[in-house]
Amino acid sequence: MMTRIIPTIHLLFYLSETVLQLVSAGYYFNATAWFTTLCCLVFLPALIVNLLSLIWVFRTMEFSNKQCGRILCALLHVLQLGTLWRYFKLLIAYDRTDSKEFNLLRLIQVSLQNAPYIVTQSYLIFASSTYPTYAIVSAVVSLLSLTYCMVLYSETDNQNKKKNLKISQVLPMIVQMCWHLLTLTSRFLAIALFTCALQFWTLLFIGTHWICLVITIEIQVLLSACKTPKT
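Keep in mind the model is a prediction, meaning the values are calculated, not measured.

A.B. asks: Now, about empty space enclosed by the protein: what can you tell me, with residues and values included?
C.D. replies: Taken as a whole and assessed by the stated rule, the structure comprises 1 cavity of 30 Å³ or more. In this structure, the largest cavity occupies an estimated 60 Å³ of space. Contributing to the lining of the largest cavity are Val49, Asn50, Ser53, Gly82, Thr83, Arg86, Phe102, Leu105, Arg106 and Gln109. Secondary-structure elements contributing two or more residues to the lining of the largest cavity are α2 (32–60), α4 (82–92) and α5 (96–127). Of all the elements, α5 adds the most residues to the lining of the largest cavity, at 4 residues. Classifying every residue of the lining of the largest cavity by side-chain character gives 3 nonpolar, 5 polar and 2 charged.

As structure tokens, then:
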């Protein structure tokens, strides 16, 4: 049961956070700089994750000379549907390796997408006297998704020697989520407030950190894919 619940929650978070972030970006359509920034924070991580997922698939998965399957898989990733493809693959035929890859890719995506988005949206809320309610909802959903992915990947990595995540482990995960949620909330609020006060220098530091994070993650995933044998 947990093998279907966990990826389903992933998918629900993925769809809801993406839709809410795009809607929030649309609110700043007339402010070209902020509209472009928010859209980039949504689309660039998606491009990176789908590219890494496709490379990982071709490096680790054996298609048994089925060229049609290889082309279809590549097409879905080009259309930015790699996350949905991996979800339905897990739903139809669960595999522990696929599940771990799916959790890792989701962690990469929320780290690159949700974390900077929460900071940016929080800054816009603090710096503006008027803002839509769905902007707050979007930031909260993004924060919950980030927390969920962090805790789940950590938990599944710790339980690597066991077969599956059991229902008895749900309560400790909820406690960890609450702890991470409070920790991340305080940090994001602090960064947003510092950004309101210092603006350029804080944004320069965050932007540099984000670029370094992207490069580091790409290198680690590519090295991991090269070392993983085909299945």
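A.B. asks: Summarise the layout of surface pockets; cite the residues concerned and give the values.
C.D. replies: In this model, the largest pocket occupies a volume close to 400 Å³. Surrounding the largest pocket, 15 residues form its lining, Ala115, Phe188, Ile191, His209 and Leu213 being those nearest its centre. Of all the secondary-structure elements, those providing two or more residues to the lining of the largest pocket are α5, α6 (133–158), α7 (170–198) and α8 (200–227). With 5 residues, α8 is the single largest residue contributor to the lining of the largest pocket. Here the residues of the lining of the largest pocket sort into 12 nonpolar, 2 polar and 1 charged. At the level of elements, α2, α5 and α8 are the ones that each hand at least two residues to the lining of the second largest pocket. Sort the elements by how many residues they give to the lining of the second largest pocket and α2 lands first, with 5 residues.

A.B. asks: Describe the pattern of salt bridges, listing the residues and the values that go with them.
C.D. replies: Throughout the structure, instances matching the rule amount to 3 salt bridges. A salt bridge links Arg106 to Glu17, with the nearest nitrogen and oxygen atoms 3.2 Å apart. One end of the pair, Arg106, is in helix α5; the other, Glu17, is in helix α1 (residues 2–27), with 89 residues separating them in the sequence. Residue Glu17 is classed as buried on the basis of its relative accessible area, which comes to 0%. Residues Asp98 and Lys89 are paired through a salt bridge, measuring 2.3 Å at the closest nitrogen-oxygen approach. Judged by its relative accessible area of 12%, Asp98 falls in the buried class. For Lys89, a relative accessible area of 25% gives the class partly exposed.

A.B. asks: Tell me what's going on with unusual backbone geometry, and back it up with residues and numbers.
C.D. replies: A positive phi angle, close to 65°, is found at Gln80, a residue other than glycine. Structurally, the position occupied by Gln80 is in the loop between α3 (67–78) and α4. The partly exposed category is assigned to Gln80, whose relative accessible area is 24%.

A.B. asks: Explain the state of the cysteines residue by residue, including any values.
C.D. replies: Put plainly, a disulfide is one covalent bond tying together the sulfur atoms of two cysteines. Using the criterion set out here, one finds 0 disulfides in the structure. Between Cys39, a cysteine without a disulfide, and Cys40, which holds the nearest cysteine sulfur, the sulfur-to-sulfur distance is 7.1 Å. Of the residues examined, Cys39 reaches a relative accessible area of 15% and is grouped as buried. In this structure Cys40 comes out as partly exposed when scored by relative accessible area, which is 35%.

Reading guide: rules and limits
- Residues numbered from 1 in each chain as written.
- Predicted model: local features only at pLDDT ≥ 70, side-chain atom pairs only at ≥ 80, totals over all residues.
- Heavy atoms only, no water.
- 1 Å grid on protein atoms, 1.4 Å probe; cavity = no way out; pocket = protein on both sides within 12 Å on 5 of 7 lines; lining within 4 Å.
- Points joined across faces, edges and corners; volume = space filled by probe spheres on them.
- Helix = DSSP H or I, 4+ residues; strand = E, 2+ residues; numbered from the N terminus.
- Nonpolar A, V, L, I, M, F, W, Y, C, P; charged D, E, K, R; others polar.
- Salt bridge = Lys/Arg side-chain N within 4 Å of Asp/Glu carboxyl O.
- Buried < 20%, exposed > 50% of the residue type's maximum accessible area, 1.4 Å probe, protein only.
- Disulfide = S-S within 2.5 Å.

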